[in-house]
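Report on the structure
Chain residues, written in single-letter form:
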Amino acid sequence: MLLCVSGFWVLPTEGAGTEGFSRNSSSSSSRSSSVNVGALFTYDSFIGRAAKLGIMVAIDDFNADQSILGGTKLNVVFHDSNCSGFVGTMEALQVMENKVVAAIGPQSSEIGHIISHVANELHVPLLSFAATDPTLSSLQYPYFFRTTQNDYFQMNAIADFVSYCRWREVVAIFVDDEYGRNGISVLGDALAKKRAKISYKAAFTPGADNSSINDLLVSVNCMESRIFVVHVNPDSGLNIFSVAKSLGMMDSGYVWIATDWLLTALDSVEPVVDPKTMDLLRGVVAFRHYTPESNKKRRFKARWKNLRSKESSRSDDGFNSFALYAYDSVWLVARALDVFFREGNTVTFSNDPDLRKTNDSNIKFTALNVFNEGERFMQVIHEMNYTGLTGQIEFDSEKNRKNPAYDVLNIKSRGLHRVGYLSNHKGFSVEPPETLYSKPPNTSTEHQRLNEIIWPGKVTKPPRGWVFPDNGRPLKIGVPNRVSYKNYAYKDNNPLGFKGYCIDIFEAAVHLLPYPVPRTYILYGDGKRNPSYDNLLSQFAANNFDVAVGDVTIITNRTKFVDFTQPFMESRLVVVAPVKEAKSSPWSFLKPFTLEMWAVTGALFLFVGAIIWILKHRFNEEFRGPPRRQIITIFWFSFSTMFFFHRENTVSSLGRFVLLIWLFVVLIINSSYTASLTSILTVQQLTSRIEGMESLITSNEPIGVQDGTFAWKYLINELNIAPSRIIPLKDEEEYLSALQRGPRGGGVAAIANELPYIKALLSNSNCKFRTVGQEFTRTSWGFAFQRDSPLAVDMSTAILQLSEEGKLEKICKKWLTYSHECTMQISDTEDYQISVQSFWGLFLICGIVWFIALTLFCWKVFWQWQRLRPEEEDSDEVRTSEEAGPSRSGRSLKPAASFKDLIRVVDKREAEIKEILKQKSSKKLKASQSSAETT
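From a predicted model like this one, the values you see are computed outputs, not experimental measurements.

Turning to its location among the elements, T709 is positioned in the loop between β28 (703–706) and α20 (711–717). Note on T709: relative accessible area 15%, which makes it buried. A distance of 3.0 Å separates a polar atom in the side chain of T709 from the backbone oxygen of Q706.

The full count for this structure, using the stated rule, is 39 aromatic pairs. Measuring from centroid to centroid gives 6.1 Å for F62 and W331, while their planes differ by 80 degrees, and the two rings are edge-to-face. You can see F62 sitting in helix α2 (residues 46–64) and its partner W331 sitting in helix α12 (residues 321–342), a full 269 residues away along the chain. The interplanar angle of 85 degrees and the centroid separation of 5.1 Å between the aromatic rings of Y488 and W781 together place this pair among those described as edge-to-face. Pair noted here: Y488 is in the loop between β18 (475–480) and β19 (490–491) and W781 is in strand β32 (residues 779–781), with a separation of 293 residues, a long-range link.

Here we take up the nonpolar core. The biggest cluster of nonpolar side chains holds 79 residues, and the ones touching the most others in it are I55, M96, V101, F129, F300, L337 and F377. A total of 15 residues in this core trace back to one element, the largest contributor, which is α12. Among all residues touching I55, those that are not within four sequence positions of it are A39, F41, V76, F78, I104, A326 and V330. If you look at the next biggest cluster of nonpolar residues, it comprises 54 residues, including A489, F769, A792 and L816.

Once that is clear, we can look at the sheet that holds strand β31 (residues 769–772). In spatial order, the strands read β29-β28-β30-β25-β31; together these 5 strands make up an open sheet with mixed pairing. Two strands in the sheet have a free side with no partner beyond their single neighbour: β29 (726–729) and β31. Neighbour to neighbour, the strand axes of the sheet diverge by 35 degrees on average, direction disregarded. Here strand β25 (residues 573–578) pairs with β31 via 4 bridges, running antiparallel. Within the sheet, the bridge partner assigned to P578 lies in β31 and is F769. Sheet contacts for helix α22 (residues 755–764): β25, β28, β30 (750–754) and β31; angle to β30, the most-contacted strand, approximately 125 degrees.

Take the environment of N182 next. Of note, N182 is situated in helix α6 (residues 178–193). Considering only alpha carbons, one finds N182 and S109, 73 residues apart in sequence, at a separation of 9.9 Å. For N182, the contacting residues outside a window of four places in its chain are H113, D133, P134, T135 and D177. Here E178 takes part through its backbone oxygen, which lies 3.0 Å from a polar atom of the side chain of N182.

Moving on: the packing of helix α3 (residues 85–96) against helix α4 (residues 109–122). Between α3 and α4, the shortest axis-to-axis distance is 9 Å and the interhelical angle comes to 25 degrees. Judged by the angle between their axes, α3 and α4 are roughly parallel. The interaxial crossing formed by α3 with α4 has right-handed handedness. Mapping the contact onto sequence places G85, G88, T89, A92, L93 and M96 in α3 and E110, I111, I114, I115, V118 and L122 in α4.

About the criteria used
Residues numbered from 1 in each chain as written. Predicted model: local features only at pLDDT ≥ 70, side-chain atom pairs only at ≥ 80, totals over all residues. Heavy atoms only, no water. Helix = DSSP H or I, 4+ residues; strand = E, 2+ residues; numbered from the N terminus. Buried < 20%, exposed > 50% of the residue type's maximum accessible area, 1.4 Å probe, protein only. Polar contact = N/O pair within 3.5 Å; in protein donor to acceptor, adjacent residues only side chain to side chain. Phe/Tyr/Trp six-rings, centres within 6.5 Å; stacked < 30°, edge-to-face > 60°. Core = buried A, V, L, I, M, F, W, Y, C linked by side-chain atoms within 4.5 Å. Contact = heavy atoms within 4.5 Å. Pairing = 2+ DSSP bridges. Axes fitted to C-alpha atoms, helices over the stretch in contact; angles between N-to-C directions. Parallel < 35°, antiparallel > 145°, perpendicular 65-115°, else oblique. Left-handed = near helix turned anticlockwise from the far one by under 90°.

Written as structure tokens, this is what we have:
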């Protein structure tokens, strides 16, 4: 191994500086005879052993290819960081002393932060194949390139996986260094975007022994979440699963998600992983950097096996993805140098003036030189775009690899099983990412897909992801100790210790859950007055209660610090006031119709009388005569149709048709009037001087509310009612007494309370009171849980199931059935009144029929007038020539005469018109016959 390494190791020489680079006079005049490149990583590690061999293979391939850097030798200077931050930093400085144009590494994210500052000062690009820490930002470290994937993408992939499985909380187990802390920090941000969170962060020191790991996992096992994300180093990470196995934490119900470190460790142990190790990890889901399959990759792996057998006999020197990234890093430098030299750039170094101030120190910082052309070389690397063993090598604006992708693997007893891929182009899919890049991006939820996963315990269904904390503490349920309306929840001697409507619903929902819920009920309140529900829910913050079961109203302010289940009962605030029987009115017969309805109906009666008169005037003698008589006839006929005793005979077809439609309308109007009047006169009419909440707000009278409910704050904060006007009432006896005494007797004008209580109040008062006005809030009752409690979601599902099965209704009938069922609202006379809107369709039909009838009648009269007009015009001309004066006056009177003729035609009887038309036709016939005989 040492011989092989020495073959590629080029010690620093004096000629490595400016004066050591030769230039040609041809097109390659700017190229140097040799260029130094540093390589910094930990030799004795899973990643380091694979990376070292990958770099060696890259150098072999580069030296064999004369098309790249023709004539220029690439010297790689290796340094071992030795798994130490301090030693690694010193080694990194020694790398920089060799006047390198680039450095491949470091492997450690911790050293990456330190050496990036040196790279910024000396303008030397860093190409790390293993430092995945997301905080190695390109803004702070412009010379840092990540040739592998950024953990930012991996943590977002894990967050997507947690969301895909519909989990809400995870426990993070990580090594407490820059790599672990920063990665988990990004995971927390990614989960927050998916409405999930890290419920507990379990950190351990690098190199922790099994005893420390055991103590850590014991504390983790007491947590509620059973989703564990493990983000550690590959060299010691397997110890976590060994300890977890001994603690029984690899059984069903647990979920283990490992970042890319696990597959790095397993891939490095070739050719076959120990069956005991696979059995230990069975059910774990792991992510691995995705590298597309290609012929170049297969040839590389074949050469890898031969080279490994020559260099090392260790069983853990297997192939992993970091070997590919290290190989591509060397080639990236070589290709970038080729472009750099083709542009005519040179490689020169100069002393850093800032380091001259350290001459008094024994540490020779002056040996570090600035790469003068480093900024341009950095830009060349950033602009590179070609295909390597790991796929397309192209950087984004933050110097991260574009199109990051991961394999999603499930570990089974027989080996690794790929269940899908994760890319930022499609999300989860079962197709390789490179086949999807030609399609439009689509990361919508409905397109996410993974194959079946076998979870720990050989379970195929995704685990619930949480359990009750393994600390022996049952669920503490707070129950309001009410003074009134105890049928909702009260203490009892049954095994549970409590009974009531709300208790029965909660117990029925708990029994539908697929897991046991240890619980204990605790009374809250002194029993002398109803407790404040806001104070009850505030106890959640101090962990005094986990759940509140009772008649707890869901309102906005409460949802800020507790989670509610699906509502199990609707509720709303209503106003209850004393009522009295309304006095009968002598004008009650007018109440069935609104004023508009009376006006429209009367107008229609007159209008239909006029239409019938027009249509029957020429046929019926009863509709002829002096004007006074005709007007009386119109009024009489119109209103006689209301009672169907009109005696005038209808001869005209159009008149019969109009009358038939109108009688149908009259029948409906009469029937509706009769029904409405009957309802008004038979239904008991109650009245109250309080019309609703609006009238209470404008008055100064006291208002009663139930003690302990949200109504008190609502009236003050939302309706701006003075607190002095609001009287808290303890129980039902106080409600009834306050209402009966009224404001003058020291009571209240009305009570504002929730509807379920009001139903009981009205029933127990023998319906002496009624609700007035409209409901002014719409709320519901639900069970309150601590914030982000996963049990709230399962209980909501159970409540919905109870509702769908009709069990909620059965429980309601069991507890909330009253002896007297009272009408809630005061009946209003206006509810029985009929308006025009109820008949506008019928009136529209009448209007259309009347319009058609009048149109046909006018057309008929006009036609008859046209037939009679010649005869009338001749007689007019004779009279005009004999009686009138000048012709000018005759022309001015002609239109008036024509209109009078039309009126005379309208006024004539139909029989006379027909007789005239018949005579006129006979005259024309005789005239035509005589003219024919003459000719």
